[in-house]
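Here's the letter readout for the chains.
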Amino acid sequence: MARLLWLNWSGGGNLPPSLGIARVLTERGHEVVFAGRPEMVGRVEAAGFRAIELSEAYAQLPRYPKDAPQVRALCYLTAPAVEGQVAAVLRSERPELVLIDQMFLAALHAARDVDVPAVLMCHTLYRRHFEVYRSFLERANGLRVAAGFEPLPPPAQLWAEQDLVVTTSLATFDVSALPIPHDDRIRHVGPALEIERHATPADLPWRTGDSRPLVVVSFSTAPEQGSVAKFQRTLDALAPLDVRAVVTVGRSIDPASLEVPGNAAVFDAADHEALMGEASAVITHGGHGTLMRALKHGLPMLVMPGMAADQSPNGAMIEELGAGVILSQEADRAAIRAAAERLLGDDALRVRARALSRHLRGVAGEQGGADEIERLLVGR
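Please read these numbers as outputs of a predicted model, since none were measured by experiment. (Residues numbered from 1 in each chain as written. Predicted model: local features only at pLDDT ≥ 70, side-chain atom pairs only at ≥ 80, totals over all residues. Heavy atoms only, no water.)

A.B. asks: Quick question: what am I supposed to make of the pattern of salt bridges here?
C.D. replies: Opposite charge on two side chains permits pairing when their charged atoms draw close. As enumerated under the stated definition, the model contains 23 salt bridges in all. For Glu161, the salt bridge is made with Arg112, and the minimal N-O distance between the two is 2.6 Å. With Glu161 in the loop between helix H7 (155–160) and strand S6 (164–167) and Arg112 in the loop between helix H5 (105–110) and strand S5 (118–122), this residue pair connects regions lying 49 residues apart in the sequence. Using a relative accessible area of 38% as the deciding quantity, one classes Arg112 as partly exposed. Among the salt bridges present, the one from Arg342 reaches Asp346, with a minimum N-O distance of 3.3 Å. By relative accessible area, Arg342 is classed as partly exposed at 42%. What makes Asp346 partly exposed here is its relative accessible area of 21%. Each member of the salt-bridge network shares a partner with another, and the members are Arg3, Glu31, Arg50 and Glu93. (Salt bridge = Lys/Arg side-chain N within 4 Å of Asp/Glu carboxyl O. Helix = DSSP H or I, 4+ residues; strand = E, 2+ residues; numbered from the N terminus. Buried < 20%, exposed > 50% of the residue type's maximum accessible area, 1.4 Å probe, protein only.)

A.B. asks: Explain the packing of aromatic side chains here, please?
C.D. replies: We describe a pair of aromatic rings using the distance from one ring centre to the other and the angle between the two ring planes. Applying the stated criterion across every chain yields a total of nine aromatic pairs. Geometrically, the ring pair formed by Tyr64 and Phe149 is tilted, given 6.5 Å between the ring centres and 45° between the ring planes. Highlighted residues: Tyr64 in the loop between strand S3 (50–53) and helix H3 (71–78) and Phe149 in the loop between helix H6 (130–146) and H7, separated in sequence by 85 residues. Phe149 carries the same exposure label as Tyr64, and that label is buried. With a centroid separation of 5.2 Å and 70° between ring planes, the pair formed by Phe130 and Trp159 is classed as edge-to-face. Remark: Trp159 occurs in helix H7 and Phe130 occurs in helix H6; sequence separation between them is 29 residues. Side by side, Phe130 and Trp159 carry an identical accessibility label, which is buried. Chaining the aromatic ring pairs together yields one cluster made of Trp6, Phe34 and Phe49. For the cation-ring pair, Arg72 lies above Tyr58, with the distance from its terminal atom to the ring centre recorded as 3.7 Å. (Phe/Tyr/Trp six-rings, centres within 6.5 Å; stacked < 30°, edge-to-face > 60°. Lys NZ or Arg CZ within 6 Å of the ring centre and 35° of its normal.)

So this is what it looks like as C-alpha cells:
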C-alpha cells in the first residue's frame with residue numbers, strides 16, 4: 001500500500017471532496033497525509049487524517065499589494081516561502097504519489113523536483129473553466145511579481161506537466177469549445193459530495209409536518225468570501241415569504257452577526273444532504289459542490305456568485321441549462337425575493353432541475369477518484 005501526500009489549497013469547496021477521496025483511499029489501505037494552510041488543519045484532523053500546517057502561508061503577505069482582491073489567499077497559493085516549505089515537506093514525507101490542488105501554483109512548482117507520480121486535483125469543471133482559471137492564476141502570478149519575486153511558470157504549463165488530471169465533475173457538463181492541450185489525461189470521476197463531521201443534522205425549529213417550502217441558503221465556507229451583508233439581504237428578502245429558510249454560514253461569518261426573521265434558522269454548519277432531501281429550492285454562491293448536490297436532488301437554484309473564479313460561470317451554466325437564475329451578489333432584497341418566488345413558482349425550472357438530476361444518479365466521485373489514483377500507482 002502507498003503513502004500519499006495531498007498538497008491542499010483548502011478553499012471552501014476543495015476540502016470536502018478531497019477528504020472523501022482520501023477516506024476511500026484509506027479504507028483501501030493507503031496512507032494519506034494533508035499539507036495546507038492553517039485554516040485547513042482542524043478540518044482535516046477532525047476527519048481523521050494527519051495534517052501538516054504550512055506555517056509560512058502568510059509570512060510574505062506584507063510584500064504583496066495590499067489592495068489586491070483575495071490577496072491573503074493568493075499569497076498562500078504563490079509565495080516563495082510556501083514553495084520552500086512544500087519542498088521541505090516533500091523531502092521529509094517522501095510520498096510515493098503526490099496530489100496537488102489545481103490552484104496551488106507554489107506546490108505545483110515545488111513538486112517538479114520530486115520523482116514520483118503527480119495528480120492534479122480539480123474540484124470544479126476543468127474544461128469549461130480552463131481559461132477562467134488560467135487567467136485568474138496568471139493574475140495571481142502577477143501579484144507574486146509585484147511582491148518582488150521571480151514569476152512561476154504559467155499555470156497551463158504546470159497543469160500540463162502532471163501525470164493525471166482528476167476532476168470531481170461530470171463530463172456531461174464539462175464542455176468547452178476550446179481544445180485542452182492535455183485532454184487525454186483528464187479523468188471525470190463525478191462529484192465527491194463528502195459531508196464533514198462538523199456538519200451534523202440541523203435541529204430545525206419548526207413543528208413536524210410543517211408544509212411550507214424549505215429554502216436552503218448556503219454561500220461560501222471560505223473566510224475570504226464571508227459577507228454578513230449578503231446573508232442579511234437574503235434573510236430579509238425571504239422574511240415576507242411563506243417559506244422556511246435554513247441558512248448555513250459555513251464558518252465564513254459569525255451567525256450572531258445576523259438578524260434572523262421568524263421564518264428562518266441559521267446554523268454554523270449543517271448536513272446539506274439531509275436538508276436538500278427536504279428542500280424545494282437552493283440559494284447559493286455557485287460553488288461546484290453545492291451546485292452538484294442541488295442538481296442531484298433536482299432543486300432549482302438562485303446563484304449569487306462570490307469571488308471565486310468558477311462561481312460566475314457556474315451560475316451562468318445553471319441558467320443556460322434552465323435549472324435556475326443568476327443574480328449579482330450585490331442584488332437587493334427585492335431582486336432576491338422575486339428570484340426566490342420564481343424558483344418556487346416556475347414549474348419549468350423545477351422540471352428541468354429534476355431532469356438534470358438523472359446525470360448524478362449512482363455517481364460516487366470519491367470512489368472514482370480513488371480508482372484513478374490507484375490505477376496511476378499500479379502503472380508507475
